[in-house]
Amino acid sequence: MNGTSLTTICLALLLSCACGAKPNGSKNKKPKQVVPAIECDVRAGKINLPEFIVKCPAHCKETKQQVYGTGVFASISSICNAAIHSGIITNMGGKVIVRKMAGQNIYKGSNSNGVRSLSLPKWRESFVVSVGKPKKGVIYPSTLDYVPSRPTYVKTTGQKEAKPPAATTVLPMTTTPEPTTTTTPEPTTTTPAPTTTTTTPPPPPTTTKARAAVHKVRDAGNSHPYLASVAAASSRKAQSGQGKGFSQVFRGVAYPNRYPQRASAGLRRPEAGSAIRRPPSSPVGPALNRVQPAPPERTPTMSQSNPGFNVREQEPVPRAPEPVSQGDPNCKVDLAFLMDGSWSIGKRRFKIQKDFLSDVAQAINVGVAGPMMGIIQYGDDPVTELSLKSYSNSREVKLAVDKIVQKGGLSNVGKALTYINRQYFSDANGNRGGAPNVAVVLVDGWPTDKVEEASRLARESGINIFFVTIEGPDESEKANLVETNFVDKAVCRTNGFYSLPVNSWFALRKAVQPLVKRVCDTDRLLCSKTCLNANDIAFVIDGSSSVGTGNFRTVLQFVANVTQEFEISDTDTRVGAVQYTYEQRLEFGFGQYNNKGELLNAIKRINYWSGGTSTGAAITFAADQLFSKSKPNKRKIMIVITDGRSYDDVRVPALAVQSQGVIAYSIGIAWAAQDELEYIATDPDKEHSFFVDEFDNLYKFVPKIIQNICQEFNSQPRN
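Residues numbered from 1 in each chain as written. Predicted model: local features only at pLDDT ≥ 70, side-chain atom pairs only at ≥ 80, totals over all residues. Heavy atoms only, no water.

### Topic: the overall build of the protein chain
Part 1 of the reasoning: Helix and strand content of the protein chain: 16 helices and 21 strands.
Part 2 of the reasoning: Expressed as a percentage of its 719 residues, the buried residues of the protein chain come to 50%.
Part 3 of the reasoning: Contacts in the protein chain between residues far apart in sequence, at least 24 positions, make up 79% of those at least 6 positions apart.
Part 4 of the reasoning: Counting every atom, the protein chain has about 34600 Å² of accessible surface; 53% of that belongs to carbon and sulfur. (Helix = DSSP H or I, 4+ residues; strand = E, 2+ residues; numbered from the N terminus. Buried < 20%, exposed > 50% of the residue type's maximum accessible area, 1.4 Å probe, protein only. Contact = heavy atoms within 4.5 Å. Areas by Shrake-Rupley, 256 points an atom, 1.4 Å probe, with all protein chains shown as cover.)

Given below as structure tokens:
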């Protein structure tokens, strides 16, 4: 009985141990989210990811990094201060999830959680922030892909990356096979023990066709050993010596170690950076040489000796690297071509279109200090073939154009124009900011969707739209149009400069020089001039005794807030300032400060004068000292700020300056006279004259002034 009980107890213990023990590794460990840290000044637009998580440091509020918008922010905003503004984190920092969105037409400023956001009329990209707690199963990137501050001239394909081949080709042996755990090959032969593998290449795979041309391969490291075929005779000799030829092409795919896995497990390629040695018994001969590390920024060339084996050929070591083309500095534009890939065009005319683009690339002399050229192909939907930063010289652009394949579909030009406005002309695609944006639309016949609204938004974003219409509709075909007069509704101006009709595809090449001449005439690219970069703005600031030192600093902050919204340079918006009492003083003139940071510091350094109030004389002084030196292509804007009635007449000076084409705004504070404000302001008064009871409320009018300036600019006639 006791023996039975003891046996029962032992069995129970064994069962409980068996149940409690879990197999090693049966529990799936949750991958840990690594959160990259950023600084307070990092803007969302500088990170090339659609959605990501970051960790903000403490005390970002004190850095006063700019934020634009409320809830939805322009991508030029500081991520961390936008998160504080939204209440996602406190000033002590924390984790934030950022999600990119399309650009908006207006971003409204507000004051929230100690961060003041500014207003912005328009920006191409937006983002929203949320609490930095990823949803279950969601893992965000552990590193951030930053957009370079200038175009990176790394050789890319300019097209969608090709998928790696389904089957790999075993190359002829160039090294003595290394022993493995399963086989021990003889060290003096090139054939390992026959138990598992052989060095004789297997028959060519049947799943992949041989191709003579390949995509260029992106450099991923400092040096990678490549096999190069240097001469046709040597390659043929190598193939005959091996008994088999190469039948597979390596596509332009970024493998982690530059090579796909070999089919034979018993043989290994040499490590990257090591020398590739050929044993004395190798029959390959001179076709396979030891490869030197690639010199930086060299131009890759493709082996032409054997069309069945297209691997990048190394430059000879003594040869100097090819310099990056500087391009034509007299044609510094960011130029995007929208090429028609619809089925209606046919293969022959599509080839003519590609030849035309190659000719344009050659004629404009692509380079980093001149024009940069990109291509979008549109059909049912647009797709980027070449970004603006893909290639830095005309020769490379021409080679890339030759590889573009027709995608087919309809001719949805309107959808393509929306695409370039929202996505293509971005920092990530190489948009340089200081160069005009130009879009040239090539269309066979007519579009299959409407273009008017998409074109308007693109123009208001500063994109100069040209149309090259080949074999456009005749009178009998106009009934088939989705939108009549589509060219005039789309182009930057309707004066004929931006439209280039071509009667026949076979006459398209004759349009190369006329088009190049137009897109390079930057003085006539009027749509590059937006409401934010085409002004001469004069601030006429009341420095009378009634203002006081503290309030004067508040006025200067208002001037800085308005200035902050504009693009400042000698070719963009310029700002000047006059302070007045009974007398007038030029604080700084147009173009004296062509950098926004320097300009804002100059505003901050203006010293309070104190004295009487002669507003009329100050307006005349601004006209003589500032607007007389204004550039012809600038919109002249005067903003008068005063806190009391003027001792002199304002009516005659205001009419005189307005007759010179100056748009006048009046800002009255406290004791300012309403009738004088209306005399100073351009009609209609309600759009150009504002009044506040206290100096501290001046900031409220910043968005309204910017909005009015942009509305007036965008409502100008287009002829």
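### Brief notes about the confidence of the model for the protein chain
Part 1 of the reasoning: Counting all residues, the mean pLDDT for the protein chain is 77, and 71% of those residues have values of 70 or more.
Part 2 of the reasoning: Contacts of residues 19-27 to residues separated by more than four positions or lying in other chains number zero contacts, the stretch itself having pLDDT below 50.
Part 3 of the reasoning: This model gives residues 150-321 a pLDDT under 50, and the stretch forms 258 contacts once residues within four places in sequence are excluded. (pLDDT = per-residue confidence, 0-100.)

### What about the pattern of salt bridges?
Part 1 of the reasoning: Tallied over the full model, the rule gives 20 salt bridges.
Part 2 of the reasoning: Note that arginine 574 and aspartate 536 form a salt bridge whose closest N and O atoms lie 2.9 Å from each other. Of this pair, arginine 574 sits in strand 17 (residues 574-580) while aspartate 536 sits in strand 16 (residues 535-542); the two residues are 38 residues apart in sequence, bridging distant segments of the chain. Each of the two residues, arginine 574 as well as aspartate 536, counts as buried.
Part 3 of the reasoning: With its nearest N and O atoms 4.0 Å apart, the salt bridge here joins arginine 574 to aspartate 570.
Part 4 of the reasoning: Residue arginine 574 is classed as buried on the basis of its relative accessible area, which comes to 6%.
Part 5 of the reasoning: Residue class for aspartate 570 comes out partly exposed when judged on its relative accessible area of 32%.
Part 6 of the reasoning: Here the salt bridges do not stand alone but share partners, grouping Lys351, Asp355, Asp359 and Arg509 into one network. (Salt bridge = Lys/Arg side-chain N within 4 Å of Asp/Glu carboxyl O.)

### A few points about the packing of aromatic side chains
Part 1 of the reasoning: On inspection of all chains with the given rule, the structure shows 11 aromatic pairs.
Part 2 of the reasoning: Measuring from ring centre to ring centre gives 5.2 Å for phenylalanine 552 and tyrosine 608, while their planes differ by 40°; the resulting arrangement is tilted. One end of the pair, phenylalanine 552, is in helix 10 (residues 549-564); the other, tyrosine 608, is in the loop between helix 11 (596-604) and helix 12 (615-625), and 56 residues separate them in sequence.
Part 3 of the reasoning: A residue is classified by how much of its surface remains accessible, and phenylalanine 552, at 0% relative accessible area, is buried.
Part 4 of the reasoning: What makes tyrosine 608 partly exposed here is its relative accessible area of 22%.
Part 5 of the reasoning: Ring-pair connections join several aromatic residues into one group, and the members of that group are Phe466, Phe497 and Tyr498. (Phe/Tyr/Trp six-rings, centres within 6.5 Å; stacked < 30°, edge-to-face > 60°.)

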